[in-house]
Amino acid sequence: MRNDNFGETVPPKTDARFSRILSYVIPFLVFVVAIAGTVSSEKLTQSQKFNNSDAADFVSIVERLHVLPNGRVLLNGRKLKLHQLQRILPAVLVHYGLGLFGGALTLRNIEWGFQALQIGLLTLAGSIWCSQCLRLKISWRGMVIGAIALFSGYALTKFFWYYPILTDIPPLFLGMVMLYGYMLDKRPFVFGAMVLGSFTWPTLLYQGIIFLIFPRDPKRTFLIHSPLRPRTQLLLALAALVPIFLALQWLLMNIPSNYRFHPFAPLLPYSILVTLGFWAGGVVILFNNASLFRIRDWLQATWWRGAALCLVAVILLSVVQNYVAGPRLEFNRTQALWRNVLISSIMVPGTFYVQHILFYGPIMLLAVIFWKPITTIARQFGRGFVLNLLFGMVFAIGSESRILMAFIPMLALLVAKLAEQLKWRFWAIASISICALILMRSWLTLNGTPNLVVFLNQFPELSPFLQRFNWNSDPNEMFLLGFGPWVGINLYALELPVALGTLLFLYVALRHAPNTEGRAVSENSK
């Protein structure tokens, strides 16, 4: 396999033919898995469907959406709230889709409408993923490993089929479209995904702005590796630590007594240290390149017409949103978002990373194990990619994993490129697949006593621990595995060994996995 300019690779003809075959197989498999999840007999029971305010909002939008002749949208006779408008598009598609096919607006039909939308968008995301890999000349092994990392987590194989009335898969699809437009320098794709994302998922607007202002030019985005001096790295770490540390201190001193989330006090100092270490270490490794601190290079990489276009788009979108939803901006909800992100990061030590592993699967394991070579690849993809990766890291310290949906395609692309560069073979694919099968938990029952608990009850030494949980709840407490700040200390004690065990297994397996040239992976990832 020969190297092309700027780190791109050109696969042999046999690999190229196999990649083209896979470009049809992978979307089909994604479609089959989605169908299997949809027709699964296990669903969230009727008594629990409206306990989540988001799901209640979406059902109300589908049932009672009313557009006035002047363009205003009413919900139950009242103006929409801004946060409802920012995620209204999937519910609108279900509303008009049911009307197009003559479906009554019953709860069952609405549920099936959301599932049909999710199946279609996931299948399209699989097609876009394969097309992107072919256009970027990523070999079949990168395409396969990236697809496993992207589509095999608990989120896409269990959670969103068990609890379908949510709008989290559309941002994954739009994030994929936006990334496709950025990587192939097709800016209309980025702009279109940004506009649609403004009514789907709040972070997509800002991701699109970053990608448009700092677009990828394949002839200029390859950054020569020039690491920072140790003293500069220390200053960068301190600069990254100070704002989050001060924000955490302020929040802990001002958190209301009736607030729904409270850190586990005996472990609070360790929780803060883990969060700050994760954040500072990740930032330093990501920005460990001297060229990222040259203002002249940033000015040269900026697309000024794109910046002007983003400014006009933001103004017009704000006018439309304020007209439709009313003039009142919900600053308190934005503050609540950041408060939840920061507080949920220190509930217990490292809870944010544990929840991400349980929710997204092996992609989060690979991201941490190979963070250094992954960030090297990210810098080759340009400054827009680096800034959006940093943007995703801000939300990654929070333990509510769903907020990262639009950033996951970026991690999948980095993992695919890493697999290609390290030339992973069957052993690596098998190891990642084993972790995926463990973490996806499609085999775990959530209604009634879990089958895993029935098995573990055969061991008397585990009985005192298992009795701490209410397995007769609806759904049972296994539903909360990987569910962010709602995870208590007992459930965390169950999650932590699973997360650390899969992390250790994958680290050992990939460290000694030979590549096609017979060398260990660890030699290539230094």
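For every chain, the first residue of the written sequence is number 1, and numbering continues from 1 along that sequence. Predicted model: local features are reported for residues with pLDDT of at least 70 only, side-chain atom pairs are reported and counted for 80 or more only, and whole-chain, interface and lining totals are derived from all residues. Heavy atoms from the whole structure form the basis of all side-chain values; hydrogens and water molecules are not counted.

**Student:** Whenever I open this one, the overall build of the protein confuses me. Can you help?
**Tutor:** Helix and strand definitions follow DSSP, with helices as H or I runs of at least four residues and strands as E runs of at least two, each counted in order from the N terminus. If you tally the helices and strands in the protein, you get 25 helices and 5 strands. Counting only residues that meet the buried cut, the protein has 54% of its 526 residues in that class. Look at the contacts in the protein between residues 6 or more apart in sequence, and 80% of them connect residues 24 or more apart. Accessible surface computed for the protein: about 23600 Å², of which carbon and sulfur atoms make up 66%. Think of it in three bands: with a 1.4 Å probe and only protein chains considered, a residue is buried below 20% of the maximum accessible area for its type, exposed above 50%, and partly exposed in between. Whether two residues are in contact is decided by their heavy atoms, any of which lying within 4.5 Å being enough. Using a 1.4 Å probe, accessible areas were evaluated by the Shrake-Rupley method; residue-level cover was limited to the displayed protein chains.

**Student:** Just to check I follow, could you spell out the pattern of salt bridges for this structure?
**Tutor:** It is possible for side chains bearing opposite charge to pair when their charged atoms get close. We count a salt bridge whenever a side-chain nitrogen from Lys or Arg sits within 4 Å of a carboxyl oxygen from Asp or Glu. Counted according to the given criterion, the structure contains 7 salt bridges. Between D168 and R87 there is a salt bridge, with its nearest N and O atoms 3.6 Å apart. Taken together, the residues span a long stretch of sequence, with D168 in the loop between α7 (154-162) and α8 (169-183) and R87 in the loop between α3 (82-85) and α4 (89-100) at a distance of 81 residues. Given a relative accessible area of 0%, D168 falls into the buried group.

**Student:** Which parts of the structure should I look at to understand the packing of aromatic side chains?
**Tutor:** Aromatic ring pairs are defined here through the distance separating the ring centres and the angle between the ring planes. Planes of paired rings set the category: under 30 degrees apart is stacked, over 60 is edge-to-face and the rest tilted, where pairs are Phe, Tyr or Trp rings (Trp by its six-membered ring) whose centres lie within 6.5 Å. In the structure shown here, the tally under the stated rule is 29 aromatic pairs. Where F159 meets Y163, the ring centres are 6.4 Å apart and the plane angle is 55 degrees; that geometry is what we call tilted. Per residue, the accessibility class of F159 equals that of Y163, and both read buried. Judged by centre distance (5.3 Å) and plane angle (45 degrees), the ring pair of F479 and F483 falls under tilted. Each member of the pair, F479 as well as F483, is classed as buried.

**Student:** Just to check I follow, could you spell out the side chain of S19 for this structure?
**Tutor:** Assignment of secondary structure puts S19 in helix α1 (residues 13-39). Its relative accessible area of 2% is what places S19 among the buried residues. In protein, a polar contact means a hydrogen-donor-capable atom and an acceptor-capable atom, both N or O and within 3.5 Å, with residues adjacent in sequence counting only if both atoms are side-chain atoms; elsewhere, any N or O pair within 3.5 Å suffices. At a separation of 3.3 Å, a polar atom in the side chain of S19 contacts the main-chain amide nitrogen of W140. Beyond its immediate sequence surroundings of up to four residues, S19 is in contact with L134, I138, S139, W140 and M143.

**Student:** When you look at helix α17 (residues 362-369) in this model, what are you seeing that I'm missing?
**Tutor:** It helps to recall that an α-helix has 3.6 residues per turn; residues three or four apart then point in one direction. Among the 8 residues of α17, 6 are classified as buried, and the element is accordingly described as predominantly covered. Listed as buried for α17 are P362, I363, M364, L365, L366 and A367. Those residues of α17 that are buried lie in contact with α6 (140-151), α16 (351-360), α18 (371-380), α20 (408-422), α21 (426-440) and α24 (489-511).

**Student:** Would you mind showing me how to read the packing of α16 against α17 here?
**Tutor:** When two helices pack together, their arrangement is given by the angle between the helix axes and by the axis-to-axis distance. Each axis is a line fitted through C-alpha atoms, taken for helices only over the stretch in contact, and angles between the N-to-C directions span 0 to 180 degrees. Look at α16 against α17: their axes get within 6 Å of each other, and the N-to-C directions meet at 135 degrees. The orientation of α16 relative to α17 falls into the category oblique. Residue-level inspection shows Y353, H356, I357 and Y360 of α16 in contact with α17, the latter providing P362, I363, M364, L365 and V368. Residue classes follow a fixed rule: Ala, Val, Leu, Ile, Met, Phe, Trp, Tyr, Cys and Pro count as nonpolar, while Asp, Glu, Lys and Arg count as charged, and any other residue, Gly among them, counts as polar. Across the contact of α16 with α17, the residue classes break down as 8 nonpolar, 1 polar and no charged. An angle below 35 degrees is read as roughly parallel, one above 145 as roughly antiparallel, one from 65 to 115 as roughly perpendicular, and any other as oblique.

**Student:** Can you walk me through the packing of helix α11 (residues 230-254) against helix α12 (residues 268-286) in this structure?
**Tutor:** Interhelical geometry of α11 versus α12 gives an angle of 145 degrees and a closest axis separation of 9 Å. The handedness of the crossing between α11 and α12 comes out as right-handed. Here Q233, L236, A237, A240, L241, I244, F245, L248, Q249 and L252 of α11 come into contact with α12, specifically with L268, I272, L276, W279, A280, V283 and V284. Among the residues forming the contact of α11 with α12, the class breakdown is 15 nonpolar, 2 polar and no charged. Helix crossings fall into two classes, left-handed where the near helix is turned counterclockwise from the far one by less than a right angle and right-handed where it is turned clockwise.

**Student:** Explanation requested: the confidence of the model for the protein in the structure shown.
**Tutor:** Residue-level confidence of the predictor is what pLDDT reports, using numbers from 0 through 100. In this model, the protein carries an average pLDDT of 85, and 88% of its residues clear a pLDDT of 70 or more. Looking across the protein, the model is least confident in helix α25 (residues 521-524), with a mean pLDDT of 40, and most confident in α8, with 96. Segment residues 516-526: pLDDT under 50, and 21 contacts once partners within four positions in sequence are set aside and those in other chains are kept.

**Student:** How do you make sense of the environment of L65 when you look at a structure like this?
**Tutor:** Take L65: it is sitting in strand β3 (residues 65-67). Between the alpha carbons of L65 and A91 there is a distance of 9.3 Å; along the sequence they are 26 residues apart.

**Student:** Can you walk me through α8 in this structure?
**Tutor:** Expected span, for any helix, means 1.5 Å times one less than how many residues it has. Helix length check: α8 (15 residues) gives 21 Å between terminal C-alpha atoms against 21 Å at 1.5 Å per residue, within 8%. Across the 15 residues of α8, 15 count as buried, placing the element largely inside the fold. Just downstream of α8, D185 is the residue with a positive phi angle, here 55 degrees.

**Student:** Help me understand the environment of C130 in this model?
**Tutor:** For C130, the position within the fold is in helix α5 (residues 107-135). A relative accessible area of 0% means that C130 is categorised as buried. Separated by 104 residues in sequence, C130 and I26 place their C-alpha atoms 7.6 Å apart. Beyond its immediate chain neighbours, meaning those up to four positions away, C130 contacts L22, S23, I26, P27 and M143.

**Student:** Would you mind showing me how to read a nonpolar patch on the surface here?
**Tutor:** Each patch groups residues whose relative accessible area exceeds 30% and which form no salt bridge, using 9 Å between like charges and 5 Å between nonpolar side chains of Val, Leu, Ile, Met, Phe, Trp and Tyr. A cluster of nonpolar side chains, namely F18, I21, V25, F28, L29, F31, V32, I35, V39 and W112, defines an oily patch on the protein surface of about 880 Å² accessible area. In terms of residues, the nonpolar patch owes the most to one element, α1, which gives 9 residues. Topologically, F28 is positioned in helix α1. For F28, a relative accessible area of 53% translates into the label exposed.

**Student:** Before we go on, may I ask you to explain unusual backbone geometry in this structure?
**Tutor:** Although it is not a glycine, K137 sits at a positive phi angle of roughly 60 degrees. Phi angles above zero are rare outside glycine, and D185 is one such case at about 55 degrees. By secondary structure assignment, the location of D185 is in the loop between α8 and α9 (187-197).

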